[in-house]
Structures are given as structure tokens and as C-alpha cells.
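Structural description and commentary
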Amino acid sequence: MILFRKKTDFQTYLTTQKQRGKKIGFVPTMGALHQGHVSLIESSRKDNSITVSSIFVNPTQFNDPNDFKKYPVTIENDINKLEAAGCEVLFMPSVEEIYPDGVPSDLKYDLGYLETILEGKYRPGHFQGVCMVVHRLLDIVKPDNLYLGQKDYQQCMVIRRLIELTGHTEIKLNICPTFREPDGLAMSSRNLRLNEEERKTAPAIYRALLHIKENLPKGDLLSLKESAVKKLIDNRLKPDYIEIADADTLKPISKWNAGQKLVALAAAYLGEVRLIDNLVLN
Ligand code: AMP
């Protein structure tokens with residue numbers, strides 16, 4: 001695997017590879033890699049001649065400075081995992097490399113209602129930060145294929161919008177399924193911060209979503225959401241939200257017509273760690 005830290009060297013390499021007709025797949029990450037990330041690398045390797053991954057803990061997307069400070073860093077392990085997965089190139093820039101002029105304060109991506117619901121509502125500014133970094137990374141890499149995890153469902157929709165807004169419409173967005181632990185917990189870098197007791201309780205978030213999926217045809221959606229919230233609270237999770245939404249637009253749904261594709265989304269704190277998960281329902 002080739003490691004680049006400077007964008008000019010990286011771009012020179014990419015230009016040469018593109019001139020040789022190589023197809024580029026791109027998997028952006030914040031490191032602390034797990035099997036979920038590896039599954040994205042594997043998807044990219046199937047479709048492309050070169051798979052590029054990036055590790056960059058982007059300060060501008062953390063609305064909580066404490067979350068940024070405590071974000072797990074496991075570089076050596078990450079490099080080993082990427083190499084074992086057959087990733088050809090790693091881009092690992094510094095903050096100065098990505099934001100040479102500091103963080104722009106006037107830049108604003110028009111994300112519409114996506115920014116005011118769910119993660120947007122509970123993490124103000126988060127998606128602007130995500131767009132800021134992904135915009136820069138896409139400008140640098142200009143991949144043929146971009147791979148994102150469905151684990152971050154709303155983020156996928158935000159990036160779909162970003163691709164339209166920035167005119168990078170030649171990039172194909174590939175959304176990959178959520179990789180889970182055997183007990184159902186969605187793999188996440190933040191799981192490393194759970195203590196033993198919390199780790200045992202954490203799959204309650206997945207079970208609450210399963211409860212919604214299994215009872216969808218029976219219940220009215222409001223009481224279904226209420227019973228799912230109770231399941232979280234009974235397991236000492238503190239929910240920010242559990243929502244049932246249209247799977248394509250993410251607009252919250254109060255009344256279901258059987259033809260509509262739905263997704264249930266949840267975010268909850270377990271101690272200091274904020275977990276998110278989602279499940280497509282039908
Ligand atoms: P992160 O390092 O958390 O920013 O994630 C980098 C990419 O990996 C994002 O596109 C995530 O949605 C994706 N990802 C994170 N966890 C999982 C998972 N459990 N299964 C599949 N993809 C994931």
C-alpha cells in the first residue's frame with residue numbers, strides 16, 4: 001500500500017493512474033477501522049482497479065469538542081487492516097493539508113430539511129462539517145466510485161446532495177450494508193469507548209429497531225415508536241430520537257401506506273458514547 005500525506009504528491013499519482021485508464025474507488029474514513037470499513041474496501045476492490053482510502057479525523061464535523069478529543073486513534077492497526085484488505089492507496093493528510101487557509105466560516109451548503117431533522121437537529125453544524133471535508137476530498141481524488149456505509153443513513157443522503165451541489169455528478173455513489181457484531185450491534189469506531197457493561201447493553205438499540213420492523217404491520221407508528229423508546233430507556237440508553245421515515249426522502253412518517261418504503265433511525269447515549277443505527281423496514 002502506498003501512503004500519501006501531501007495532496008500534491010497524491011494528485012500527481014492519481015493523474016498518472018487515470019491516464020493509464022485505471023478506475024478509482026474511494027473509501028473515506030476517520031480511522032479506528034473495523035470490519036465495517038473493511039467491507040467497504042472489499043466492495044470497492046470488486047468494482048475498481050485501484051482502491052483509495054483516507055483517514056482524517058475531521059475537526060469541523062464534531063459539534064461536541066469532547067467527542068473530537070476522545071475519538072479513538074489506532075493508526076498502526078488501521079494500516080495493517082487496510083493492507084490485509086488489499087487497499088492500494090492510503091491518503092492520511094494533516095488538518096493543515098485539508099484546511100490550509102483555516103476553516104471557512106462563510107461556506108454554507110444548501111442541504112435543505114436534511115440539515116434540520118434527526119442527526120441535523122441533534123448535531124447542529126455536523127453535516128456542514130461533513131460536506132466541507134468530503135467536498136475537499138472529492139475535489140482531490142475525483143474517484144469513479146465512492147463507497148459509504150448505510151450505517152450513517154442520513155450522511156449518505158447528505159453526500160448524495162453534496163454531489164449534486166458540487167457538480168461531481170460523474171462520481172457514482174455506492175451505499176454498502178451495515179456490518180454488525182454477532183449480537184446485532186452495528187460496528188462503529190465509537191464502540192471502542194464502551195466499557196464492558198455498556199458493551200453488553202449496546203445491542204438494545206438494534207433490538208429496538210427490530211421491534212419496529214417486526215411489528216410494523218400491526219401497530220400505529222406513534223405507539224410503535226413509543227414502545228421502541230421504552231426499550232432503550234429500560235436498558236439505560238438515553239435516546240435523542242427514534243424516528244420512522246420515508247426511506248428515499250427521510251421525511252418523518254406518521255401514517256404508513258403499505259406501498260411506501262420506510263426506514264427506522266435511532267440515536268441514543270450509552271454513558272458518554274452516542275450510538276446511531278438504522279434499519280430499512282420493508
Ligand atoms: P467513519 O470512519 O465512521 O467516518 O466511517 C467511514 C465510512 O464507513 C462511512 O461511510 C461509514 O458509514 C462506514 N461505516 C461505518 N461503520 C460501518 C458499518 N458498521 N458497516 C458498514 N459501513 C460502516
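The text that follows walks through the structure, step by step, so that each part is easy to find. Counting restarts for each chain, with residues numbered from 1 along the sequence as it is written. Local features in a predicted model are, by the rule used here, given only for residues with pLDDT of at least 70; side-chain atom pairs are given and counted only at 80 or more, and totals for whole chains, interfaces and linings are based on all residues. The side-chain numbers reported here are obtained from all heavy atoms of the structure, hydrogens and water having been left aside.

Side-chain rings of Phe, Tyr and Trp, where Trp is taken by its six-membered ring, are said to pair if the distance between their centres is within 6.5 Å; with planes under 30 degrees apart they count as stacked, over 60 as edge-to-face, and otherwise as tilted. The final tally for this structure, using the stated rule, is 7 aromatic pairs. With a centroid separation of 5.4 Å and an interplanar angle of 35°, the aromatic rings of Phe4 and Phe10 are classed as tilted. Of the two residues examined, Phe4 and Phe10, each falls in the buried class. An angle of 50° between the planes, with centres 5.2 Å apart, marks the rings of Phe62 and Phe68 as tilted. Here the aromatic residues Phe4, Phe10, Tyr13 and Phe91 are joined through ring pairs into a cluster of three or more. When accessible area is computed with a 1.4 Å probe and restricted to protein chains, residues below 20% of their type maximum are described as buried, those above 50% as exposed, and intermediate ones as partly exposed.

What follows concerns the nonpolar core. Grouped together as the largest cluster of nonpolar side chains are 46 residues, with contacts concentrated most on Phe10, Val52, Ile98, Leu146, Ile159, Leu250 and Leu265. Top element by residues in this core is helix H7 (residues 126-141). It accounts for 10 residues. If you count residues domain by domain, this core takes at least three from each of domain 1 (2-176) and domain 2 (189-280). Buried residues of nine kinds, namely Ala, Val, Leu, Ile, Met, Phe, Trp, Tyr and Cys, make up a nonpolar core once their side-chain atoms join them within 4.5 Å. With 27 residues, the next largest nonpolar core counts Leu216, Leu224, Ile244 and Leu275 among its residues. Runs of H or I in DSSP of at least four residues are treated as helices and runs of E of at least two as strands, each being numbered from the N terminus. Residue ranges for the domains originate in an automatic or database domain assignment.

Our focus in this paragraph is helix H2 (residues 35-47). Here the expected length of a helix is defined as 1.5 Å per residue gap, with one fewer gap than residues. With 13 residues, H2 ought to run about 18 Å at 1.5 Å a step, and its terminal C-alpha atoms sit 19 Å apart, in line with that. For H2, the complete set of buried residues consists of Gly36, His37, Val38, Ser39, Leu40, Ile41 and Ser44. Close packing links the buried residues of H2 with strand S2 (24-29), strand S3 (50-55), helix H4 (75-85), strand S5 (145-149) and strand S6 (172-176). The contact definition used throughout considers only heavy atoms, calling two residues in contact when any of these lie within 4.5 Å.

Summary of the distance rule: residues count as near a molecule or strand when at least one heavy atom falls within 4 Å of that molecule or strand. Around the ligand, the surrounding shell holds 16 residues, and the nearest of these are Met30, Gly149, Asp152, Phe179 and Met187. What qualifies as a polar contact is a pair of N or O atoms within 3.5 Å, subject to a donor-acceptor requirement within protein and to the restriction that residues adjacent in sequence count only when both atoms come from side chains. Between an oxygen atom of the ligand and a side-chain N or O atom of His37, the distance comes to 3.0 Å. Its free accessible area being 480 Å², the ligand has 92% of it covered by the protein chains. When residues of the shell around the ligand are traced back to their parent elements, those giving at least two are S2, H2 and S5. Looking at the shell around the ligand element by element, the count peaks at 3 residues for H2. Residues are grouped as follows: Ala, Val, Leu, Ile, Met, Phe, Trp, Tyr, Cys and Pro are nonpolar; Asp, Glu, Lys and Arg are charged; all remaining types, including Gly, are polar. Its residues assigned to classes, the shell around the ligand comprises 8 nonpolar, 6 polar and 2 charged. Each accessible area is a Shrake-Rupley result for a 1.4 Å probe, and residues are judged covered by the shown protein chains and nothing else.

Glancing now at the packing of helix H10 (residues 204-215) against helix H11 (residues 221-234). Working convention: axes come from line fits to C-alpha atoms, limited for helices to the stretch in contact. Angles between N-to-C directions cover 0 to 180 degrees. Between H10 and H11, the shortest axis-to-axis distance is 9 Å and the interhelical angle comes to 160°. As the angle between them shows, H10 and H11 are arranged roughly antiparallel. Of the two possible hands of crossing, H10 and H11 adopt the one that is right-handed. In contact with Ala204, Ile205, Ala208, His211, Ile212 and Asn215 of H10, H11 contributes Leu224, Ser227, Ala228, Lys231 and Leu232. Residues that form the contact of H10 with H11 fall into these classes: 7 nonpolar, 3 polar and 1 charged. Oblique is the label for any angle not covered by the other classes, which are roughly parallel (under 35 degrees), roughly antiparallel (over 145) and roughly perpendicular (65 to 115). If you view the pair so one helix is near and one far, a crossing is left-handed when the near helix is turned anticlockwise from the far one by less than a right angle, and right-handed when it is turned clockwise.

Position of Tyr147 relative to the elements: it lies in strand S5. The exposure class assigned to Tyr147 is buried, which follows from its relative accessible area of 1%. Once residues lying within four places of it in the same chain are set aside, the contact partners of Tyr147 are Gly25, Phe26, Val27, Pro28, Leu40, Ser43, Ser44, Asp47, Asn48, Asn174 and Cys176. At a separation of 2.6 Å, a polar atom in the side chain of Tyr147 contacts the side chain of Asp47. A distance of 2.9 Å separates a polar atom in the side chain of Tyr147 from a polar atom in the side chain of Asn48.

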